[in-house]
Amino acid sequence: MSTVEEVVAQDPVVARPPRLLARMMRQPQAKLGMVLTLVVMFLALAGPLLTPWLTGHTSTEFTGRPFTDIGIFGTDNLGRDVFSRFLDGGLRLIVYAALATALGMVVGVAVGMTAAYSGGRVDALIMRGNDVLLALPQLVFALLAITVLGPQGWVLVVVIGITHAPRIARVTRSATAAVITEDYIRASEMYAVPKWKILLTEVLPNITGPLMVELGLRMTYSIGFVAALSFLGLGMQPPTADWGLMINESRIALVVQPWGVLLPVAAIAVLTVGTNLLTDSLARASADMNVGNKK
Amino acid sequence: MIAKMITKRLLVSLVILFVVSLLVFVATLLLPGDPAQAILGQQATPERLEALREQMNLNDPVWVRYFTWIGGLFTGNLGYSAASGGPVTALLSDRIQASLVLMGLAALISIPVGIVVGTFSALKRGRAFDHAATGTTLVLASLPEFVIGIGLVALFSTSVFKILPSVTMAPPGEAVWNYPVQLVLPTITLVLVVTPYIVRMMRGTMLEVMNSGFVEMARLKGVPERQVVLRHAVPHALAPVAQVIAIQLAWMAGGVVVIEFLFRYPGIGQALVDAVNNRDVQVVQAISILIAAAYIVVNLLADLVGILTNPKLRTEKAS
Amino acid sequence: MTTNTMDHDSVASALCATDVRVQTDAGVEILHGVSFTLQPGRILALVGESGSGKTTAGLACMGHFRQGLAKGTGTVHLGDGEMGNILELPAAQLRGLRGKTISYVPQDPALSLNPSMRIGEQITETLRVHRVGATDAERRLRVTEVLAEVGLANDPAYQRRYPHQLSGGQQQRVGIAMAFACRPSVIVLDEPTTGLDVTTQAVVLRTIDELAARHQVAGLYITHDLAVVAEIADEVAVMLEGDIVEHGATDQVLFAPQHSYTRRLLAAVPDLAGKRRVGQVEAITGEQPLIVPGPHGIPDSTSTTPLVDDAKLLPGTMPRTTPADTAAETTPLLRLRDLSLSYGQHKVLDGIDFQLREGESMMLLGESGSGKTTLSRCVAGLNDAYTGSIELFGEQLATGTRSRSSEDRRRIQYVFQSPFSSLNPRRTIAESVGVPLQMSGINDKHRRRMLVLEALDQVRLGERFMDRRPGDLSGGERQRAAIARALVNAPSLLVCDEITSALDVSVQASILDLLRTLQTDHNMSMLFVTHNIALARHISQRLAVLQKGKIVDFGTTDDVLNNPQHSYTQELLANVPAFD
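None of these values were measured; they are calculated from a predicted model.

1. Side note on the overall build of chain A
1) Next: Within chain A one finds 13 helices and zero strands.
2) Next: Along the chain direction, N to C, the helices and strands of chain A fall in the order α-α-α-α-α-α-α-α-α-α-α-α-α.
3) Next: Summarising its shape, the C-alpha atoms of chain A cover approximately 75 × 50 × 25 Å along the three principal directions.
4) Next: Here chain A holds 295 residues, and 55% of them are scored as buried.
5) Next: Within chain A, counting contacts between residues at least 6 apart in sequence, those at least 24 apart form 72% of the total.
6) Next: Just so you have it, chain A exposes about 12200 Å², and 70% of that area is on carbon and sulfur atoms.
7) Next: In chain A, 22 positive and 19 negative side-chain charges are present, and the distance between their average locations comes to 6 Å.

2. Observations regarding the confidence of the model for chain C
Atomic detail in the predicted coordinates should be set aside for any region of low pLDDT.
All names here are of chain C.
1) Next: Summarising the model, chain C shows a mean pLDDT of 82, and 88% of its residues fall at 70 or more.
2) Next: Overall, residues 281-328 carries pLDDT values under 50, and its contacts beyond four positions in sequence, including any with other chains, amount to 80 contacts.
3) Next: Here the predicted complex carries an ipTM of 0.83, next to a pTM of 0.82.

3. Some details on the interface of chain A and chain B
Interfaces are frequently sized by the accessible area removed from exposure as the parts join.
1) Next: Listed per partner, the contact involves 43 residues of chain A and 44 residues of chain B.
2) Next: Across the chain A to chain B interface the summed buried area is about 3600 Å²; carbon plus sulfur atoms make up 78%.
3) Next: Applying the counting criterion to the chain A and chain B interface returns one salt bridge.
4) Next: The salt bridge involving Asp 280 of chain A is made with Arg 200 of chain B; its shortest N-O contact spans 2.8 Å.
5) Next: For the pair chain A and chain B, the number of links is five residue pairs in polar contact (both at pLDDT 80 or more).
6) Next: Breaking the side of chain A that touches chain B down by element, the ones donating at least two residues are α6 (120-135), α7 (138-149), α11 (208-231), α12 (243-250) and α13 (259-294) of chain A.
7) Next: Partitioning the side of chain A that touches chain B into residue classes produces 29 nonpolar, nine polar and five charged.

4. Considerations on the interface of chain B and chain C
1) Next: Between chain B and chain C, the contact holds 25 residues from the first and 30 residues from the second.
2) Next: Counting the surface lost from both chain B and chain C, the interface buries some 2500 Å², and carbon and sulfur atoms represent 53% of this.
3) Next: Sorting the residues of chain B by area buried against chain C places Met 217, Leu 220 and Lys 221 of chain B first, and these three jointly supply 27% of that buried surface.
4) Next: Where chain B packs against chain C, one counts four salt bridges.

5. Notes on the packing of α7 of chain A against α11 of chain A
Residue and element names in this part refer to chain A.
1) Next: Two numbers describe how α7 lies on α11: the axes approach to 12 Å, and their chain directions differ by 45 degrees. Accordingly, the angle class assigned to the pair α7 and α11 is oblique. For the pair α7 and α11, the crossing hand works out as right-handed. In contact with Gln 138, Leu 139, Ala 142, Leu 143 and Ile 146 of α7, α11 contributes Arg 218, Phe 225 and Leu 229.
2) Next: The residue inventory of the contact of α7 with α11, partitioned by class, reads six nonpolar, one polar and one charged.

6. As for the UniProt feature "transmembrane region" (unreviewed entry) in chain A
All names here are of chain A.
1) Next: Those places that UniProt annotates as "transmembrane region" (unreviewed entry) correspond, in this numbering, to residues 32-55, 93-119, 139-163, 219-236 and 256-279.
2) Next: The distance from the first to the last C-alpha atom of residues 32-55 is 29 Å, and the span holds 100% helix and 0% strand.
3) Next: Secondary structure within residues 139-163 divides into 88% helix and 0% strand; the distance between the first and last C-alpha atoms comes to 9 Å.

7. A closer look at the sheet that holds strand β9 (residues 243-249) of chain C
Residue and element names in this part refer to chain C.
1) Next: In space, the six strands of this open sheet follow the order β5-β6-β7-β3-β8-β9, with mixed pairing throughout. Looking at strand neighbours, the two that pair on one side only are β5 (102-105) and β9, the edges of this open sheet. Strand-to-strand twist of the sheet, defined as the mean angle between neighbouring strand axes without regard to direction, takes the value 15 degrees.
2) Next: Alignment of strand β3 (residues 43-47) against strand β7 (residues 218-223), held across five bridges, turns out to be parallel. When the bridges of β7 are listed, Ile 43 appears paired with Gly 219.
3) Next: The sheet strands contacting helix α8 (residues 168-180) are β5 and β6 (186-190), and the helix crosses β5 at an angle near 175 degrees.
4) Next: Packed onto the sheet, helix α12 (residues 260-268) meets β3, β8 (235-240) and β9 and runs at close to 100 degrees relative to β8.

8. Here we look at the nonpolar core
1) Next: If you look at the biggest cluster of nonpolar residues, it comprises 131 residues, and the most contacted ones within it are Leu 229, Phe 231, Leu 232 and Trp 243 of chain A together with Val 20, Phe 146 and Met 206 of chain B.
2) Next: Of all the elements, helix α10 (residues 225-263) of chain B adds the most residues to this core, at 17 residues.
3) Next: One finds Leu 31, Val 150, Leu 152 and Ala 233 of chain C within the second-largest nonpolar core, a separate group that totals 86 residues.

9. Brief notes about the sheet that holds strand β17 (residues 525-530) of chain C
Residue and element names in this part refer to chain C.
1) Next: Reading across from one edge, β15-β16-β17-β12-β18-β19 is the order of the six strands in this open sheet, with mixed pairing throughout. Each edge of the open sheet is held by one strand with a lone partner, namely β15 (412-415) and β19 (550-556). Between one strand axis and the next, the sheet turns through 15 degrees on average, direction left out of account.
2) Next: Pairing of strand β12 (residues 361-365) with β17 involves five bridges; the strand directions are parallel. Note that in β17 the partner of Leu 364 across the bridge is Val 529.
3) Next: Along the sheet, helix α19 (residues 505-522) makes contact with β12, β16 (493-497) and β17, crossing β17 at roughly 155 degrees.

10. Here we look at the pairing of β16 of chain C
Residues and elements named next belong to chain C.
1) Next: The buried count for β16 comes to five of five residues, which makes it a mostly enclosed element.
2) Next: Taking every second residue as pointing to the same face, both faces of β16 are buried, with Leu 493, Val 495 and Asp 497 on one and Leu 494 and Cys 496 on the other.
3) Next: In the sheet, β15 pairs with β16 via four bridges, with the strands oriented parallel. Among the inter-strand pairings, Val 415 is bridged to a residue of β16, identified as Cys 496.
4) Next: Bridge count between β16 and β17: five bridges; the pairing is parallel. Looking at the pairing, Leu 494 lines up with Met 526 of β17.
5) Next: Of the crossover connections in this fold, the one passing from β16 over α19 to the parallel β17 is right-handed.

11. Some details on the UniProt feature "domain: ABC transporter" (unreviewed entry) in chain C
Residue and element names in this part refer to chain C.
1) Next: With numbering matched to this structure, UniProt assigns "domain: ABC transporter" (unreviewed entry) to residues 15-266 and 334-573.
2) Next: Along residues 15-266, the helical share is 38% and the strand share 23%, with 28 Å between the first and last C-alpha atoms.
3) Next: With 37% helix and 26% strand, the stretch residues 334-573 has end C-alpha atoms that lie 28 Å from each other.

12. Some remarks on the pattern of salt bridges
1) Next: Following the criterion strictly, the structure yields 38 salt bridges over all chains and no others.
2) Next: Across the pair Arg 203 of chain B and Asp 130 of chain B runs a salt bridge, and its minimum N-O distance is 2.7 Å. A residue pair is termed long-range when its members are at least 10 positions apart, and Arg 203 of chain B in helix α8 (residues 180-210) and Asp 130 of chain B in helix α6 (residues 128-142) qualify at 73 residues. Comparing Arg 203 of chain B with Asp 130 of chain B, the two get one shared label, buried.
3) Next: Beyond isolated ion pairs, a larger network of salt bridges with shared partners links Lys 221 and Arg 231 of chain B together with Glu 121, Glu 125, Arg 128, Asp 136 and Arg 139 of chain C.

13. What to know about the pairing of β12 of chain C
Within a regular strand, the side chains alternate between the two sheet faces.
Residues and elements named next belong to chain C.
1) Next: Of all five residues making up β12, five are buried, and the element is well covered by its neighbours.
2) Next: Burial along β12 is two-sided: the face carrying Ser 361, Met 363 and Leu 365 and the face carrying Met 362 and Leu 364 are both buried.
3) Next: In the sheet, β12 pairs with strand β18 (residues 542-547) via four bridges, with the strands oriented parallel. From the neighbouring strand, Met 363 faces β18, where its bridge partner is Leu 543.

14. Regarding helix α5 (residues 88-123) of chain B
1) Next: Spanning 36 residues, α5 of chain B covers 50 Å between terminal C-alpha atoms, matching the ideal 52 Å at 1.5 Å per step.
2) Next: Roughly 25 degrees is the biggest bend found in α5 of chain B, and it falls at Asp 94 of chain B.

15. Let's talk about unusual backbone geometry
1) Next: With omega at 5 degrees, the peptide bond leading from Pro 238 of chain A into Pro 239 of chain A counts as cis.
2) Next: Along the chain, Pro 239 of chain A turns up in the loop between α11 and α12.
3) Next: Phi is positive for Ala 192 of chain A, close to 55 degrees, though the residue is something other than glycine.
4) Next: Structurally, Ala 192 of chain A can be placed in the loop between α9 (183-190) and α10 (195-203).
5) Next: A positive phi angle, close to 55 degrees, is found at Asn 523 of chain C, a residue other than glycine.
6) Next: Relative to the helices and strands, Asn 523 of chain C is located in the loop between α19 and β17.
7) Next: Look at Asn 523 of chain C and you get partly exposed, because its relative accessible area is 26%.

Cut-offs applied
Residues numbered from 1 in each chain as written. Chains lettered and ligands numbered in written order. Predicted model: local features only at pLDDT ≥ 70, side-chain atom pairs only at ≥ 80, totals over all residues. Heavy atoms only, no water. Helix = DSSP H or I, 4+ residues; strand = E, 2+ residues; numbered from the N terminus. Buried < 20%, exposed > 50% of the residue type's maximum accessible area, 1.4 Å probe, protein only. Contact = heavy atoms within 4.5 Å. Areas by Shrake-Rupley, 256 points an atom, 1.4 Å probe, with all protein chains shown as cover. Lys, Arg positive; Asp, Glu negative; His and termini not counted. Charge placed at Lys NZ, Arg CZ, Asp CG, Glu CD. pLDDT = per-residue confidence, 0-100. Buried area = accessible area lost by both parts, 1.4 Å probe. Salt bridge = Lys/Arg side-chain N within 4 Å of Asp/Glu carboxyl O. Polar contact = N/O pair within 3.5 Å; in protein donor to acceptor, adjacent residues only side chain to side chain. Nonpolar A, V, L, I, M, F, W, Y, C, P; charged D, E, K, R; others polar. Axes fitted to C-alpha atoms, helices over the stretch in contact; angles between N-to-C directions. Parallel < 35°, antiparallel > 145°, perpendicular 65-115°, else oblique. Left-handed = near helix turned anticlockwise from the far one by under 90°. UniProt positions renumbered as here; feature names shortened; annotations may be inferred. Pairing = 2+ DSSP bridges. Core = buried A, V, L, I, M, F, W, Y, C linked by side-chain atoms within 4.5 Å. Right-handed = clockwise from strand over helix to strand, strands pointing away. Expected span 1.5 Å × (residues − 1). Bend = angle between axes of the 7 residues up to and from the residue.

The structure is reproduced here in structure tokens:
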């Protein structure tokens, strides 16, 4: 136990968010999550660069007959090298998921904060609009959009971002609503601080906890979502190398060529478990901190 | 007061459903090309195209087409499939049943299991059972549904056990429930996807309630622990959990698509994927609006549970 | 072991706690060996400020330790002691005692009654688990009886009500009925009147007193309120940071305190008569004492205040004039005309008229729901939904802060009730205090910092607090920082909304000190909003009593207190607990 003096003596200028991250990383499960996430991230980001050098093949090149065990993990249904396709197949998944998450966060946080802060009719209107978007399950909404616009990259990013937004807006709104009843917001109102400035300097720093948790959660979902669309054959299109698509192409031959399915499944599983472990420890750290603040 | 609240929720739900139907309908208009041409192909004669346009009401103004479509939803006429040319209703009726069976089974298992496991996990906080439950649910909640499904297939039908079929192959025209073995894996997958959220919510709410003033008071009154949990704590945890259950049931309506595709289960999800691949807009529209309606109904039910279990809403406030 | 506390009374004790120690899960001891004895029919008050461990001690008597605390050590014996040490009883036996032999009245009945169970059923449940009464019919009879005992209606329809259908006072009486239902021999009362208005508090205290005497119950009354202690307790034990520092008969402890902490605590309690001088307290919480004596200290204090040059600015020497006289003199600083505000059908403010002169302090007294906070927010421009007019130096103000001029905003400053809510936890004190400067166009960072430092010095926080965040500060320090934010722009009128109600009495005293100093040093006017009439003579020259959105009594503080015109004021004065 450190004494009060020690706590004060530690540079009090340090902003709260780093403290939140420090609290999070103190938990063993966060460390595990970090390792899992980093391993898969490294594979996915460095994979495309390493592919020809490691395996001698590109991911779309036909190296032989289907389902042979040439190469480290054999060939797939079209005779392409499984390991090359695996190394090349994570980058787009992660980039698309990250872009979709970022889009959803920006739109959702802006909308949610505006709704909570405006209150009254604006709030009601925004939230009813949200309800409409929420009434279509994310996947169905995405499928509807893909039917009309075709399975292109930007469609995936936009549609996943847009369907995340109302969910993020809901969380942001309730977090903001809790903060704006605080007297320090009233104090800023009293000093006629511009509204945008109140939102940015008074509200936003006080809802980073729930927002970062939401960010982690949405990233986990985005990864699963992009992969699921590719798995359905409606995301990334052949002959692109992609984990979701690989699972779709190889699952019929699960017995003959298990690696074509197991490698990408394992990568996706490890990645999502990793990000979710991080998110969960972040949520705990954030909850602890709120308890600490009350007293 | 309570009737007024319920009526209000009902009206809001109807408005939302109306806007969703607009959204879904407008999506069709964005589609390039002529739907009649798409169905009949490039070689179709102008006369046949004209006849089909007439049949599909394509010559009417947009708003008439919208109301014809919406009217059709109530009379059971969902339009014609661009891919098969047949009526959408006929295409979907069996599949709706099949999907409902799958989701119903999953709900029947996951709701009680989720509530019981969540409650025990909260009561045994910090003990082995709690750690196991939180750990397992955290991992399961992270995994995309198809990853869980493939994991089960790999485990039970291909490599390790080989005891359960990985695909559903009921002969056409026969009901899925005549082949219960084929239902096992899809159901378990859905259960494994849905239950963790219920468990986590139930655990969190129970922890909160068990720490509340009235639970402390019940203990200080000398009420036996079992009665504290069953009479004082659990009823208070159920309303928030009902909301999560509603969200999960609604999620199933979408998530079932991937699982049906994976197991080739003859439900609406599979039909939806096929329709998207064929750009069969009428079918996509019909399924979307059905799923949205299901979502809205389920949420309405959860709201009702919330209203009915809250004595503050049930009774007038005195003085 | 128990002899030392037994010797002064030959009656067998109802409960005897000896050397009770409690640690947190982390191993920090927060209760350091507390001992006391409860006698049948007598009430022991356990008094202390927040964090003194009084609730922990009370709950330990029932063998209950809240989350985060480890099971305590020491001994707690009931009656003849044949049950053995409560702290070592197995759970089943402990359960048999709780609610039956030793019962508990919680602090906040709104949280402690099960919101979805009818009140009759909640009382019956206690009887049922302890097998009091052979049949449900017999138990119903007992429920009817105890409800009558606590002065509530007891017809079946009333028993079928849910807690939210009762008022706060009624809920608390249900809690008391529940505690007395099994005819316990010991009852632990945990601040049962906190949050109730004084009139209801008086009724509840009377009920407790009567029942304890009638059924010869031994009471442990946990409270922070020394005035309540004087009303109800036979004996007092004063707690400080986990220790009992003084223990004795009520009269002795309150009027001849031995321990210095008790003396400081007593000195900090504001009294209605204004005989004691709150403030100039020896520092209890490290807060500074007052330099300039207050206006209503010892009666002759006005003649002994050479520290202030301009004697006529001393509030204490203000000529006692009626509002009618003052209107003729000069333009008042603040004038409210027919201020009204309604939410739908509900009239929150109903035609408020008053004025305030420069350098004058006025108390706005009212219970929750009287509209006092709404009124003060209208003045500050935080609530712009009012009709009528507010004039500052004779000029009508715009309704909301955003439409007021920067100069008007500067002149009226508002301090919020809770210092835990009024400062952004993510910003440093200097940043928060600097906001008003920034908004009135002082963009030079260096200059701003100088002014902030000056304001912090005024509230005696100083430079070392500048770069700290609210989380590192105590409640009193935070409230000082909030006051500094209001002072930084040198306002003409300071509106203080219940600013001491979230603070312990010793901290309250030091804040009162501070406000009086500021008022005399800077000739600042003040609108002091509170529910606590006992503060009146310690802070204000004038007093306005607000009830249901109307000012029902108005005049100089002395006039109103000595000669209350309205029945509501009379009732308030009759029910204020006091020890003199």
